[in-house]
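Chain residues, written in single-letter form:
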Amino acid sequence: MDDDRDDARSRLRSSPSREGDAVADLALVSAVAGHEAAGGEDVLAALSLLRHIRDEVAQWEPRLIEAARAAGISWARIAPALGVSSRQAAERRYLRLRPDGTTTSTGEERVRAERDRRAGDRAAVLWARENAALLRRLAAAVGAVDGLGRDAQRSIDHVTDALGGADTADLLSPLADASPYLRESYPDLADRIAAVGDQVDRARHDAGA
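Residues numbered from 1 in each chain as written. Predicted model: local features only at pLDDT ≥ 70, side-chain atom pairs only at ≥ 80, totals over all residues. Heavy atoms only, no water.

Caption draft 1: View of the confidence of the model for the protein. Overall, the predicted model of the protein reaches an average pLDDT of 80, with 83% of residues at or above 70. The secondary-structure element of the protein with the lowest mean pLDDT is helix α1 (residues 2-13), recorded at 57, while helix α8 (residues 132-143) shows the highest, at 93. (pLDDT = per-residue confidence, 0-100. Helix = DSSP H or I, 4+ residues; strand = E, 2+ residues; numbered from the N terminus.)

Structure, rendered in structure tokens:
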């Protein structure tokens, strides 16, 4: 691990950098920590400053992980940089750390929420593939609709495009988007789409449960 640290230092020293507040503050804390004769008030000030540094530095890791992913770096390559042994552990760490902008209060809850979401997505895809004939008949009926205006026609065209694809799971979103345009003139067709949505929602819920 010491070699990794030296390599990282060497790499960053040769890159453009800007000293931030946390870096300058850390130097102050380090000076107090390394001074055996530091006064009590200085030590308390250093402890207070260190708490703020931790809060600031805690925000860096998820940002750096996001930057690495945006640069096309795989989770498998990110894992050693985080000191974890697998891509799954790296992704799990990111999910714990990232600010998600929701009411989720802990990292473990964020991990569970993401896991449940993925399980729900897989369940929806599986349901669509197992009910391919029903979805294709419904999409064909929507594709035959005409005379509802430009926005409605654009939505219907998306259904038709998805119908020509190989994966019936791709029909779920276009069908749901088309439903509001069909409600007034084709209520039965809109109800059929709503029934499909209810079944997909149940599959998602059951997968999460």
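Caption draft 2: Expanded view of the pattern of salt bridges. All chains considered together, the criterion is met by eight salt bridges. A salt bridge links Arg204 to Asp121; the nearest nitrogen and oxygen atoms lie 2.6 Å apart. Of this pair, Arg204 sits in helix α11 (residues 187-208) while Asp121 is found in helix α7 (residues 107-130), placing the two residues 83 residues apart along the sequence. Between Asp167 and Arg129 there is a salt bridge, with the nearest N and O atoms lying 2.7 Å from each other. Of the two residues, Asp167 is situated in the loop between α9 (150-163) and α10 (172-182) and Arg129 in helix α7; the sequence distance between them amounts to 38 residues. For Arg129, a relative accessible area of 51% corresponds to the exposed category. (Salt bridge = Lys/Arg side-chain N within 4 Å of Asp/Glu carboxyl O. Buried < 20%, exposed > 50% of the residue type's maximum accessible area, 1.4 Å probe, protein only.)

Caption draft 3: Helix α6 (residues 87-97), seen in detail. Along α6, the positions that sit buried rather than exposed are Ala90, Glu91, Tyr94 and Leu95. Taken down its axis, α6 places every buried residue within 135° of arc, on the same side. (Arc of directions from axis to C-beta.)

Caption draft 4: Fine view of helix α5 (residues 75-82). For α5, the set of buried residues is Trp75, Ile78, Ala79 and Leu82. Down the axis of α5, the smallest arc covering the buried residues is 115°, so these residues share one side. Opposite the buried face of α5, at more than 90 degrees from it, the exposed residues are Arg77, Pro80 and Ala81. Next to the buried residues of α5 lie α4 (60-70) and α6. (Contact = heavy atoms within 4.5 Å.)

Caption draft 5: Molecular detail of the environment of Val43. Among the secondary structure elements, Val43 is positioned in helix α3 (residues 40-58). For Val43, a relative accessible area of 34% translates into the label partly exposed. Considered as a pair, Val43 and Val32 are 11 residues apart in the sequence and their alpha carbons are 6.6 Å apart. Each residue touching Val43, except ones within four places of it in the same chain, is listed here: Val32 and Ala38.

Caption draft 6: Geometry of the environment of Gly149. Here Gly149 lies in the loop between α8 and α9. In this structure, the C-alpha to C-alpha distance between Gly149 and Tyr181, residues 32 residues apart in sequence, is 9.1 Å.

Caption draft 7: Main features of the side chain of Ser179. Along the chain, the position of Ser179 falls in helix α10. The exposure class assigned to Ser179 is buried, which follows from its relative accessible area of 13%. Each residue touching Ser179, except ones within four places of it in the same chain, is listed here: Ala190 and Ile193.

Caption draft 8: Just the packing of aromatic side chains, in detail. Tallied over the full model, the rule gives one aromatic pair. Geometrically, the ring pair formed by Trp75 and Tyr94 is tilted, given 5.9 Å between the ring centres and 45° between the ring planes. Note that Trp75 is positioned in helix α5 and Tyr94 in helix α6, a separation of 19 residues in sequence. (Phe/Tyr/Trp six-rings, centres within 6.5 Å; stacked < 30°, edge-to-face > 60°.)

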